[in-house]
Amino acid sequence: MAEHAEHSEYKEDESLIEKIEDKIHFDHSSSSSSDSDTEKKPASAAEAASPSSVKATIWRLFGREKPVHQVFGGGKPADVFLWRNKKISASVLGGATAIWVLFELLEYHLLGLVCHLLIFTLAILFLWSNATTFINKKRPHIPEVHLPEEPILEIASALRIEINHILHVLREIASGRDLKKFLAVIAGLWVLSVLGNCCNFLTLFYISFVLLHTVPVLYEKYEDKVDPLAEKAVQEIKKQYAVFDAKVLSKIPKGPLKDKKKA
C-alpha cells in the first residue's frame, strides 16, 4: 500500500511538472510570436512616437523647448530673421547695409540726409503738382499720414516694462544677493566697453543686425550638429565654474541682505 501511494504521488508530481513545462512552452511560443509580429512592424513604435517627444529628450541650446521660429515669436519678424521670405529678408538687410554705408563710409550725417531727402521729395511733388495744370492732368494724390495712437502706447508700455525689469535686476545685483549674476553682468559690460572702443555705436548696431539675420538661420539649419557641441561646452564651463566656486567664490562673505533672507 505504501509503495502504491508513493507511486501515485510520483505520478501526480510528474503530471504537475509536465503541466508547468507545457505552460512555459506556451508562454514562450506566444512571446516569440509577439516578437515576430513586432519584427514585422519595426517602424510602428517609431511611427507612434511623435517628433516632439523625441526632440524633448535632446539637449537644446539655452534650454529651449520650442522651435527657433517660435522662439522669435512665430510671426512676420521671425519670418524675416529666418529667411522664410527671402525677398523681404534681403531687402531689410540691404536697407540696413545702405544706411550703414551712408553714415559710416560716406560719412553722411543724419540731419543732413533727412533734410536732403525732404528737399528732393518736396521739390518733385511741387513741380509735379504745378505741371499738371499745363498738361491738363489730374493732380497727384498725396495721402494723409498720421501715427495711430494704440501702437505707440503699446510700444511705450513694452519699453516701460523692460526698463523696470532692467532696473530691478540692477538693484538686485547692487545689493549683493547674487554673485554669479554680478560677475556675468560685469563681464558683459566689459565686453561691450571693449567693442565700443573698437567701433562706434552705428557699426556695433549694424554688426548686431547682421548677426541677427545670419546666426539664427544657420543655427536652425545645423542645430542637430551645434547642440551636442554646445552641450559639451556647457558641461565643461560648469565644471570650471564649480572649481572656481569651490576655490574662490565660496570663500567670499555673502551680502547682508542674503544672510537676513536665510535667517
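Position numbers for residues start from 1 in each chain and track the written sequence from start to end. Totals for whole chains, interfaces and linings use every residue, but because this is a predicted model, local features are given only for residues with pLDDT of at least 70 and side-chain atom pairs only at 80 or more, for both listing and counting. Values reported for side chains reflect all heavy atoms of the structure, with hydrogen atoms and water molecules removed beforehand.

Per an unreviewed UniProt entry, the protein chain carries the name Reticulon-like protein and comes from Nicotiana attenuata. UniProt positions are given in the numbering used here, feature names are shortened, and annotations may be inferred rather than shown by experiment. Taken directly from UniProt, the Subcellular location (unreviewed entry) text for the protein chain runs: "Endoplasmic reticulum membrane".

Colleague: Whenever I open this one, the side chain of Thr132 confuses me. Can you help?
Modeller: In this description a helix means any DSSP run of H or I spanning at least four residues, a strand means any run of E spanning at least two, and both kinds are numbered starting from the N terminus. Among the structural elements, Thr132 can be located in helix α7 (residues 110-134). Each residue touching Thr132, except ones within four places of it in the same chain, is listed here: Lys137, Lys138, Arg139 and Pro140. Between two residues, a contact is recorded if the distance between any of their heavy atoms is within 4.5 Å.

Colleague: Explain unusual backbone geometry here, please?
Modeller: Peptide bonds are mostly trans, and most non-glycine residues show a negative phi. Look at Trp83: it is not a glycine, yet its phi comes out positive at around 60 degrees. On the secondary structure map, Trp83 appears in the loop between α5 (76-81) and α6 (86-105). For Trp83, a relative accessible area of 26% translates into the label partly exposed. Despite not being glycine, Glu107 has its phi angle at roughly 55 degrees, a positive value. Accessibility here uses a 1.4 Å probe with only protein chains present; expressed as a share of the type maximum, an area under 20% marks a residue as buried, one over 50% as exposed, and anything in between as partly exposed.

Colleague: Is there a simple way to think about the packing of helix α8 (residues 149-174) against helix α9 (residues 179-198) in this case?
Modeller: Working note: a packed helix pair is described by the angle between its axes plus the distance between those axes. Axes here mean lines fitted to C-alpha atoms, for a helix over just the part in contact, with angles spanning 0 to 180 degrees between N-to-C directions. At their nearest, the axes of α8 and α9 sit 9 Å apart, and the two run at 115 degrees to each other. Between α8 and α9, the angle falls in the class roughly perpendicular. Relative to α9, the crossing made by α8 is left-handed. Across the interface between the two elements, Val169, Glu172 and Ile173 of α8 pack against Lys181, Phe182 and Val185 of α9. Classification convention: Asp, Glu, Lys, Arg as charged; Ala, Val, Leu, Ile, Met, Phe, Trp, Tyr, Cys, Pro as nonpolar; all other residues, Gly among them, as polar. Looking at the contact of α8 with α9, its residues break down into four nonpolar, no polar and two charged. Here is the rule for angles: anything less than 35 degrees is roughly parallel, anything more than 145 is roughly antiparallel, 65 through 115 is roughly perpendicular, and the remaining ranges are oblique. For any pair of crossing helices, the crossing counts as left-handed if the nearer helix is rotated counterclockwise from the farther one by less than a right angle, and right-handed if it is rotated clockwise.

Colleague: I would appreciate a short explanation of the packing of α6 against helix α10 (residues 201-221) in the present structure.
Modeller: Contact pair α6 / α10: the axes reach a minimum separation of 11 Å and the direction vectors enclose 165 degrees. One element, α6, and the other, α10, form an angle in the roughly antiparallel class. Handedness of the α6/α10 crossing: left-handed. Contacts between α6 and α10 involve Val92, Leu93, Ala96, Thr97, Trp100, Phe103 and Glu104 from the first element and Leu202, Thr203, Tyr206, Phe209, Val210 and His213 from the second. Within the contact of α6 with α10, the residues separate by chemical class into nine nonpolar, three polar and one charged.

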